[in-house]
Amino acid sequence: MDKIEIRDLEIFANHGVFPEETALGQKFVVSAVMYTETRPAGLTDDLSASINYGEVSHMITDFLQKNTYKLLEAAVENLAETLLLSLPLLKEITLRIEKPWAPVGLPLKTVAVEITRGWHTAYIAFGSNMGDKKMYIDNGIRGLAETKGCRIEAISDYLITEPYGVTDQDEFLNGVLKMRTLLTPGELLVRLHQLEQAANRERIIHWGPRTLDLDILFYDQEIIDMPDLHIPHIDLHNRDFVLVPMNQIAPYLRHPVLNQTISQLLDSLLNKSENTAK
């Protein structure tokens, strides 16, 4: 990925734990490495096809002068989020804020906090088989779209499917969506649970009836195995109600563990079902 850099931007601002720091202010030094695609601007010589580092420098200055934080960690985190949300062409940023001559009672040149943040691609399965199914799903997707740092990019058709696991229940409405997000996998999981709770989801029976079910299928190409979070979803390759809508919006997405595309996984599952039926 291409980079545009801003180095050692000096800003007088009011951040710190001690009252005199926020009252009197002090100098901060900011550096940013912005990851983007510069080729369109390079081929056209058009500034609108790139990130204007002059405008970004003013954005950084305005942000740090208009906001006050006790910790550098908070300042750099919120600044990175603001830039990622404000700059459509910015895919990832490494941001460093230095605090020269920090008041620690010892001779030092500077202290600094540096982070890297960026957009991630996630695929979410959604489903409902209680009450007004479409309403629950629509509300869940709307809530996700309105979540700060989340952008919905594609939504599959809503498919009527037979229940999976526990079959003695009403049929489901299922589908999947593709999104970009600044949330970590854990933060995204918490948000999905909040949306389920807003739909009065009750976890009484495993694979049982539910007003709203939201599951992370993929998060970039990450492989995560934790007690409460498995990415990719551990059973998605056995679920036609996941693979069919996934095949609508991402047929060539490759499973990072099974090393097969969604289209290949769906073909395998359909062939398996046909052989079992014979």
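The following paragraphs examine the structure supplied in this document. Since we're looking at a predicted model, the values are computed, not measured.

## Description of the pattern of salt bridges
- Summed over the entire model, instances satisfying the criterion amount to twelve salt bridges.
- For Lys91, the salt bridge identified is with Glu37, shortest N-O distance 4.0 Å. Taken together, the residues Lys91 in the loop between α4 (72–86) and β3 (92–100) and Glu37 in the loop between β2 (26–36) and α2 (39–44) connect sequence positions 54 residues apart.
- Classification of Glu37 by relative accessible area gives partly exposed; the value is 42%.
- For Glu98, the salt bridge identified is with Arg96, shortest N-O distance 3.1 Å.

## As for the packing of aromatic side chains
- This structure, assessed with the given rule, holds three aromatic pairs.
- Ring geometry for Phe63 and Tyr69: centres 6.3 Å apart, planes at 20°, overall stacked.
- You can call Phe63 buried: its relative accessible area is 13%.
- Ring plane angle 85° and centroid distance 6.2 Å describe the contact between Tyr123 and Phe218, whose orientation is recorded as edge-to-face. Residue Tyr123 is located in strand β5 (residues 120–128), and its partner Phe218 is located in strand β9 (residues 213–219); the two are separated by 95 residues in the primary sequence. You'll find Tyr123 and Phe218 in the same group, each marked buried.

## Overview of the environment of Asn271
- Among the structural elements, Asn271 can be located in helix α8 (residues 262–277).
- For Asn271, a relative accessible area of 42% translates into the label partly exposed.
- For Asn271 and Gln248, which are 23 residues apart along the polypeptide, the C-alpha to C-alpha distance reads 19 Å.

## Description of the nonpolar core
- Core analysis: the biggest nonpolar cluster contains 31 residues, and Ile60, Leu64, Ile93 and Ile97 have the highest contact counts within it.
- Of all the secondary structure elements, the ones that give two or more residues to this core are β1 (2–13), β2, α3 (53–66), α4, β3 and β4 (110–118).
- Sorting elements by how many residues they give to this core places α4 first, with seven residues.
- Among all residues touching Leu64, those that are not within four sequence positions of it are Ile11, Ala13, His15, Val30, Ala75, Leu79 and Ile97.
- In this structure, Cys150, Leu195, Leu229 and Ile231 belong to the second largest nonpolar core, which totals 24 residues.

## Description of α4
- Along its 15 residues, α4 runs 21 Å from first to last C-alpha, staying within 8% of the 21 Å computed at 1.5 Å per residue.
- Listing the buried residues of α4 in full gives Leu72, Ala75, Val76, Leu79, Ala80, Leu83 and Leu84. Projected down its long axis, α4 carries its buried residues within an arc of 150°, all on one side.
- On its buried face, α4 is in contact with β2, α3, β3, β4 and β6 (150–155).

## Let's talk about the pairing of β9
- β9 sits mainly inside the fold: six of its seven residues count as buried.
- Note that β5 and β9 share six bridges and pair antiparallel. When the sheet's bridge partners are listed, Ile124 is paired in β9 with Ile216.

## Focus on unusual backbone geometry
- A cis amide bond links Ile231 to the next residue, Pro232, at an omega of -5°.
- Within the secondary structure layout, Pro232 lies in the loop between β11 (229–231) and α7 (240–249).
- For Trp101, which is not glycine, the phi torsion reads 55° and is therefore positive.
- Note that Trp101 resides in the loop between β3 and β4.

## Some details on a nonpolar patch on the surface
- Taken together, the side chains of Val17, Phe18 and Leu71 define a hydrophobic patch exposed on the protein surface, amounting to about 280 Å² of accessible area.
- Looking at where Val17 falls in the secondary structure, it is placed in the loop between β1 and α1 (19–24).
- Judged by its relative accessible area of 53%, Val17 falls in the exposed class.

## Details of the packing of α3 against α4
- Contact geometry for α3 and α4: axes closest at 11 Å, N-to-C directions at 135°. With respect to their mutual orientation, α3 and α4 come out oblique. Helix-helix and strand crossings are classified by hand; for α3 and α4 the assignment is right-handed. Across the interface between the two elements, Val56, Met59, Ile60, Phe63 and Leu64 from α3 touch Ala75, Asn78, Leu79, Thr82, Leu83 and Ser86 from α4.
- Of the residues assigned to the contact of α3 with α4, the class counts are eight nonpolar, three polar and no charged.

Conventions used here
- Residues numbered from 1 in each chain as written.
- Predicted model: local features only at pLDDT ≥ 70, side-chain atom pairs only at ≥ 80, totals over all residues.
- Heavy atoms only, no water.
- Salt bridge = Lys/Arg side-chain N within 4 Å of Asp/Glu carboxyl O.
- Helix = DSSP H or I, 4+ residues; strand = E, 2+ residues; numbered from the N terminus.
- Buried < 20%, exposed > 50% of the residue type's maximum accessible area, 1.4 Å probe, protein only.
- Phe/Tyr/Trp six-rings, centres within 6.5 Å; stacked < 30°, edge-to-face > 60°.
- Core = buried A, V, L, I, M, F, W, Y, C linked by side-chain atoms within 4.5 Å.
- Contact = heavy atoms within 4.5 Å.
- Expected span 1.5 Å × (residues − 1).
- Arc of directions from axis to C-beta.
- Pairing = 2+ DSSP bridges.
- Patch = residues over 30% accessible without salt bridge, like charges linked within 9 Å, V, L, I, M, F, W, Y side chains within 5 Å.
- Areas by Shrake-Rupley, 256 points an atom, 1.4 Å probe, with all protein chains shown as cover.
- Axes fitted to C-alpha atoms, helices over the stretch in contact; angles between N-to-C directions.
- Parallel < 35°, antiparallel > 145°, perpendicular 65-115°, else oblique.
- Left-handed = near helix turned anticlockwise from the far one by under 90°.
- Nonpolar A, V, L, I, M, F, W, Y, C, P; charged D, E, K, R; others polar.

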